[in-house]
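The chain contents come next:
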Amino acid sequence: MADGKGSSLLPLPCVFSPKSRQYLAVCAQDGRLRIWNTDSKTLHQEYVPSAHLSATCTCIHWGPCRTVKEGPQRKKRKSEAGQLEEKADLLAMGTVAGTVLIYSAAKGALHCTLDGGHSGGVNCVHWHPEDSLLYSGSDDTNIVEWDLQTGKTRSKWKADRAAVTSLCVSPDGKLLLSAGQTIKMWDLDTKEVYRKFTGHSTAVTTLHFATTRPPDSSSLYFLSGAAHNRLLSVWQVREDGRDKNSVVSFVLTDEPQHIDLVTSKSKEQAVRLAVVCKDGQLHLFEHFLNGPCKKPLSPSCTVQMSDTKDSPMPIPLLAAALCDESRSVMLAYGNYLQPVMERVDINTADRHVCLTRNVQTTLSLSIASTVSKVKTPIVNAKSKVLVPGLPGHQAPVKATEKRKKGSDSKEMSIAERIGEIDLQSTALTEKGASQGTPSLQTDNFAVLLVQGLESGDHDILNKVFQTRKDLVIKKTVARLPLPAVLPLVEEITRRLQGHPFTAVLMVRWLKAVLTHHTSYLSSLPDLVSKLGVLYHMIESRVKTFHKLTKLHGKLYLLLTQVATSTSSNKVSDVDHTAKLVYEEESSDEDEASGPEDLVDEDSDNWEEDELMEEDKKDQTDQDEEDPDSRTDSKANGEENMEHDNESEEE
């Protein structure tokens, strides 16, 4: 049966082949397709896609059974010609890359690859029951109809606003169900919407037709299951179009993971349903679809599996398929990498059934049944084994002597061996010092840095990190092996958190590491956790740098103000000296005015001059009271003295 499985909503696909249930197709975590034979309980085929790691498989769907020519066979008689058995052959796989792989189980090889139809990951695929057509739904909200004879797209149309998560074709091949945000029923002839159904709040993950009756008789039913929903809803396609709500709902213990059902061909035939939930339980239902039912239906039987230990642990069921017999069910349980297949007869009269199995014994039996080819290597007795050593060491190679058969030699303990190694190393160093042999070179900074990082020796690391030459730092970082880059970054981060003087040196090393080894660091998966401390430290220091720049600006303003104030004081002293210079200029003017006074000596109005001099004295007395006019009073005083002298001479 088909499982329309979303790439991000449902677990790994696991599907039984139709009708005979002979094969189980599983796509495990490693991206490989494994086909198990349910009869022999062994691995039948394994296929590794070329892009199984980058384009993992998201959904699997078996094609309709057909007669296949498996190889050159003998000519069959006329009585045997009509007895050709139809087997499940083709298998469609949708991938995350948007391609659909068609695998042939009969040939054991890839049949063809369908690409170019989707721009997003394929979430669901479904075969047409009669024609060689395949339908696929993708994250790009489109449905593509593929023609398998040509390997190209036959038609393509937009199905929903959201991703198409599930598809299902009706048994007569005329209708197609698609699910995104809403469930839509399409007419495959016209590619137009026939009906719309709404009721699920989450993405619909599975769709199945429950009856094979025509839609115009109001007896066509289908069921749907959604993610994070513990109900399976049954919808009726009515002739009058009043089919807005679901008519029946089945109660589950968890969201559905795998569904298999036997369709009802008439009203007198009940629908048989097997649902494997996410919690690993199997629920069996049997119900007659003949109208709405208000009460949710509980399962007729619930099956669980556990191991045989003292404290039993549950074994998860992966898939289940209903067989032709009414009570027989094919189960797959355990692990996806190596599931265990078993056909079980379940008594549906019991509401709860718990099956105990020892998975380890069943796995060991299946592994022992498979043929394992192990080749032992042929080793030549004369061959020599070369053991790699550290560069620079000069260890002498001694020929190993064969032990005599009769000699009773006891094996030395580890402590005795270590003691002998120490004695030999000291003897060699003494001989080398005496003979002048070159010792181990330790001037290479790259070797020293690797040794210091591996041993955690702070003396070696301090010696290396104390270099200030940028060229030496760049060459040392460039010669480092790639496994030593991350420990170096961690050591630099540790030292950056210390004294600011060492942090200045470490910034040069960090710059060189990021310049040479950024491509390697970006390829590490856990880079964020490794460099998180360094990032937060740099971010915190950058935040404080903004505050420090503000403080630096304020201090600079204060210093400039102090400097300007001191310079203003010096300017006032200069002004004071300038006043003294002004007094010298006034004395020169007085000397220049002397001859003019002498000319007045010949004038007869000397009494008027005396009166004028007395008036000038009074003015000088007033000027002495005013501080601003002291300099003028001094000049006038000198002039008065000269006039007095002149009067006395006369």
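This one's a predicted model, so the numbers in the text were calculated from it and none came from an experiment. (Residues numbered from 1 in each chain as written. Predicted model: local features only at pLDDT ≥ 70, side-chain atom pairs only at ≥ 80, totals over all residues. Heavy atoms only, no water.)

## Concerning the side chain of Arg-21
Then comes step 1: Tracing the chain through its elements places Arg-21 in the loop between strand 1 (14–16) and strand 2 (23–27).
Then comes step 2: Looking at Arg-21, its side chain comes within polar contact range of the main-chain oxygen of Ser-17, at 3.4 Å. (Helix = DSSP H or I, 4+ residues; strand = E, 2+ residues; numbered from the N terminus. Polar contact = N/O pair within 3.5 Å; in protein donor to acceptor, adjacent residues only side chain to side chain.)

## Re the pairing of strand 25 (residues 317–322)
Then comes step 1: Of all 6 residues that make up strand 25, 6 are buried, and the element is covered over most of its length.
Then comes step 2: Of the pairings in the sheet, the one linking strand 25 to strand 26 (residues 328–334) comprises 5 bridges and is antiparallel in character. When the bridges of strand 26 are listed, Ala-319 appears paired with Ala-332.
Then comes step 3: Where strand 25 folds back on strand 26, the antiparallel hairpin that results is connected by 5 residues. (Buried < 20%, exposed > 50% of the residue type's maximum accessible area, 1.4 Å probe, protein only. Pairing = 2+ DSSP bridges.)

## Considering helix 6 (residues 470–478)
Then comes step 1: Regarding helix 6, the residues found buried are Ile-473, Thr-476 and Val-477. The arc that holds every buried residue of helix 6, seen down its axis, measures 95°, which confines them to one face. (Arc of directions from axis to C-beta.)

## Comments concerning the packing of aromatic side chains
The geometry of an aromatic ring pair is captured by the separation of the ring centres together with the interplanar angle, meaning the angle of the planes.
Then comes step 1: On inspection of all chains with the given rule, the structure shows 9 aromatic pairs.
Then comes step 2: Taking the centre distance of 5.2 Å and the plane angle of 80° together, the rings of Phe-465 and Trp-509 count as edge-to-face. With a gap of 44 residues between them, Phe-465 in helix 5 (residues 458–465) and Trp-509 in helix 8 (residues 500–516) connect regions that are remote in the sequence. The same class applies to Phe-465 as to Trp-509, namely buried. (Phe/Tyr/Trp six-rings, centres within 6.5 Å; stacked < 30°, edge-to-face > 60°.)

## Some points on the sheet that holds strand 28 (residues 352–356)
Then comes step 1: The 5 strands are arranged 21-22-23-24-28 in an open sheet whose pairing can be described as mixed. Both outer strands of the open sheet, strand 21 (256–262) and strand 28, are each paired with one neighbouring strand and no more. Neighbour to neighbour, the strand axes of the sheet diverge by 20° on average, direction disregarded.
Then comes step 2: Strand direction decides the pairing type here: strand 22 (residues 271–277) and strand 23 (residues 282–287), joined by 6 bridges, are antiparallel. Residue Val-275 lies in a different strand from strand 23, and its bridge partner there is His-283. (Axes fitted to C-alpha atoms, helices over the stretch in contact; angles between N-to-C directions.)

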